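Residue-level structure breakdown
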Amino acid sequence: MKKTLNILFLILYSNLIVFTGQAASLDSLEQLLVLAVQEKQPVKQTELYVEMGELAYSKRNYPKAIEQFNRALDLIKEQSIDVPLSPILMDLGKSYNKNDNYKEAISTFLQLVKIEKPINGEILDKIYHYLSKAYQNAGNTELAYEYGLKALELRETRKDLKGILRSTYQLGGIFFYQGNYKMALEYYHTTKKLAIEQNEKKYCYNSLAAIGGSLSRLGRFDEAIIFDMEAYELAKEMDYALGLAYSTHNIGTAYYEKMAYDTALVFFQKSLEIKKKLNDRWGQTASLRYIGNTYFEMGNFEKCIEFMTTSLELAKTIQSLPRLIEGHDALADTYEKMENWEAAYFHRTKYAKLRDSLITETTTQKLGDTKTRYEVQQSEMALQEKDKQMELTFRYGALGVFGLLGLLIWSLISRNRHQIEVNEVLTEKNQQIQEQNQQLAHTNEQLELAFQQIREQNKKLENSNMELQRFAFIASHDLKEPLRTIGSYANLLKRRYKNRLDTDANEFLDFITSGVGRMYNLLNDVLAFSRLEEKETESEIINVHEVINIVRANLGQQIKDKQAILNIQPALPNILMDSNHLSQVLQNLISNGIKFSTYQPTIEIACENRKGFHIFSVSDNGIGIEKKYQEKIFEMFQRLDRQYDGTGIGLAVCKKIINQYGGDIWVESTEGKGSTFYFSVPVTEVGKTQNQAMAVEAI
Ligand code: ADP
């Protein structure tokens, strides 16, 4: 029931707006908002925030407008609502500007440039215009001028007369603020001419007042008063309060300069009153300061300081850096004249600090601005990429546009050399960035190409490796057969004809049989090595002690011959590995330990746990290995001392096996004292639990 009523209210209310044609009041919009929230209609909610913002803006309630527009933007972001952001951002930026929040205004408009530049050149002129205003208010004249010119360019191309009028006025203002009153006058006279042609009363007034102001600054006070008076009359005729405020102020300034202080004071006071009514705080700061100056000239220092301090306080509330700088400067001057050095020093220091910060801020803003331009350019480039196909079709059209652009650029060159220079530097920078990007892209391409080649080479290497392995396997396997025949027949010869052959022949036969034996071992080792790759590993939890027992049995004869002692650490862990692999590794290491010794060999086998690995060690008290060979010995066919039997394959086999399990193998040795071979095997979860179980059992 309640819901139906709500909907009814909504319909009735929207009809009321349509029929009466009246704008909604803030209250009624707020009621509608409550309904939209209850009905969970975020889109409607957003529309209402925007509407409330617009209403507040039209009523000059800028803080409220800012609040509403920001709410709308937050909601759009939160709920990912698909509505165009630009109009809201534009309103928000304007509200910030009006509310003297220049920094926020700048960042909002810069955000807008990013959104609009690649898609819509049409509203760009407005954005540039507002940016120019915001920068001017924030005291960054250079950027204010740059954006002002940009807006003017766009408007001239579009022959937007109203826009051009606004731009010339804005540019005049920038020169005026910079103190370049001659240039300002030029722009203001153009504005006046355009305003009369277009019958734009407000701009007629604005230009008249501005001309008066500029003349006055140039010391042409009598001429100034004529223009100011004309402006004053026009403002009166138009019932234009802000106009009255400014022309009275300007008249005051002219009289002040003519040293007619009493008259000046009357005009300044009047201007201040009007500005107060209009809540124009920016304007008030100037009036207050001028009143202060006038009192000073009249010798009333107390009043002078009072007004100047109020002006400064007001400048603080609107956070206007230029006004604060002016305020401190004026106070410092006044105190200096009054010979109050302490107070003068205070304000002079403040003045200097603020000026510095303004310069730093300008640089920072410039940097930010360059960044924005770069980002905009990036997105433009992305779009250009997409439209490449279309571009081909429109090439001739584009050529025409370029031609026009060329003309425009040419006209701009002749109109303002300085701007062109700035643009040239920027273009050069952009070009550099583009070139760098191209270089990067090129380097990336080359890298990609190199990677591709490496990948191909790796593939080839893998293939030839596999072929080699297959070859090694086939060769060693097939060679064994004829070798066996040679060996058997040599043995047969020895056995049957031993007594009929002389000693030399018998010795030769011995050479043959021992050579055959060595070659047989070699083939066996090569075969074992080549088999390592192709054989699937069958990992299981193995008891290392059991494996060592098997190895000990295999090496029984060697151990006996050399009377070798084997000391095994009592608690070796269980590990996850193929038991054949582990026995191959241990057998090679133990056998080497026994083989490469000059007196009774003692072999120690131990294990410790380090950083997720079981580190096994097999130490001997043998001949040791020179430092420089300690890595080489793990390569195929590397043998250091030919007086010991061997093929130079054993350690290569060990390395290959251990690497297959993600471990490593290495040696530490001192020549003549012995060697310790280490190999690591990763600790696995299964192995861990088994070991824990074993430990519990042991307890
Ligand atoms: P092989 O033992 O068949 O010669 P290996 O690959 O097992 O082949 O060993 C390569 C070389 O490393 C050996 O020829 C020897 O010079 C050296 N070496 C290996 N183990 C030891 C050791 N424990 N003590 C001294 N030298 C060793």
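Because the structure is predicted, anything quoted here is derived from the model rather than measured.

Cut-offs applied
Residues numbered from 1 in each chain as written. Predicted model: local features only at pLDDT ≥ 70, side-chain atom pairs only at ≥ 80, totals over all residues. Heavy atoms only, no water. pLDDT = per-residue confidence, 0-100. Contact = heavy atoms within 4.5 Å. Near = heavy atom within 4 Å. Polar contact = N/O pair within 3.5 Å; in protein donor to acceptor, adjacent residues only side chain to side chain. Helix = DSSP H or I, 4+ residues; strand = E, 2+ residues; numbered from the N terminus. Nonpolar A, V, L, I, M, F, W, Y, C, P; charged D, E, K, R; others polar. Core = buried A, V, L, I, M, F, W, Y, C linked by side-chain atoms within 4.5 Å. Buried < 20%, exposed > 50% of the residue type's maximum accessible area, 1.4 Å probe, protein only. Salt bridge = Lys/Arg side-chain N within 4 Å of Asp/Glu carboxyl O. Pairing = 2+ DSSP bridges. Axes fitted to C-alpha atoms, helices over the stretch in contact; angles between N-to-C directions. Phe/Tyr/Trp six-rings, centres within 6.5 Å; stacked < 30°, edge-to-face > 60°.

Focus: the confidence of the model for the protein chain
For the protein chain, per-residue confidence averages 83 on the pLDDT scale, and residues scoring 70 or more make up 84% of the total. With pLDDT under 50 throughout, residues 1-23 is counted as low confidence; its partners more than four residues away or in other chains account for 17 contacts. The low-confidence segment residues 693-699, where pLDDT is below 50, has two contacts with residues more than four positions distant or belonging to other chains.

Some remarks on the site of the ligand
Lining the immediate environment of the ligand, one finds 21 residues, of which N592, K595, D620, T647 and L651 sit closest. Contact between the ligand and D620: a nitrogen atom at 2.8 Å from a side-chain N or O atom of the residue. Interatomic distance of 3.1 Å between a backbone N/O atom of G648 and an oxygen atom of the ligand. Secondary-structure elements contributing two or more residues to the shell around the ligand are α25 (579-595), α26 (650-660) and β7 (674-682). Ranked by residues supplied to the shell around the ligand, first place goes to α25 with three residues. Considering only residue class, the shell around the ligand consists of eight nonpolar, nine polar and four charged.

Observations regarding the nonpolar core
Core analysis: the largest hydrophobic core is formed by 79 residues, its most contacted members being F109, L131 and Y135. With sequence-adjacent residues up to four places away left out, F109 is seen in contact with M90, G93, K94, N97, I127, Y130 and L131. Counting 43 residues, the second largest nonpolar core, distinct from the first, contains I548, L566, C607 and I625.

Observations concerning the pattern of salt bridges
According to the stated counting rule, one finds 24 salt bridges in the structure shown. As a salt-bridge pair, E608 and R610 come within 3.4 Å of each other at their nearest N and O atoms. Overall, the relative accessible area of 41% leaves R610 in the partly exposed class. When salt bridges with common partners are traced through the structure, they connect D125, R155, R158 and D160 into a single cluster.

Quick word on the sheet that holds strand β5 (residues 613-619)
One open sheet holds the five strands; their spatial order is β2-β4-β5-β7-β6, and the pairing between them is mixed. Among the strands making up the open sheet, the edge pair consists of β2 (565-568) and β6 (665-670). Averaged over neighbouring strand pairs, the angle between their axes works out to 20° when direction is ignored. Pairing of β2 with strand β4 (residues 602-610), which is carried by four bridges, proceeds in the parallel orientation. Of the residues in β4, the one forming a bridge with N567 is E604. Those strands touched by α25 are β2, β4, β5 and β7, and its axis lies near 170° from that of β7.

As for the packing of aromatic side chains
Inspection of the entire model under this criterion finds 21 aromatic pairs. For the ring pair Y169 and Y188, a centre distance of 5.7 Å and an interplane angle of 45° mean the geometry is tilted. Of the two residues, Y169 is situated in helix α9 (residues 161-178) and Y188 in helix α10 (residues 181-197); the sequence distance between them amounts to 19 residues. The class for Y169 is partly exposed, based on a relative accessible area of 25%. Classification of Y188 as buried rests on a relative accessible area of 4%. Considering the side-chain rings of F616 and F679, the 5.1 Å spacing of their centres and the 15° angle between planes classify their relative orientation as stacked. In this pair, F616 sits in strand β5 while F679 sits in strand β7, placing the two residues 63 residues apart along the sequence. Across the pair, F679 and F616 agree in class, each one buried.

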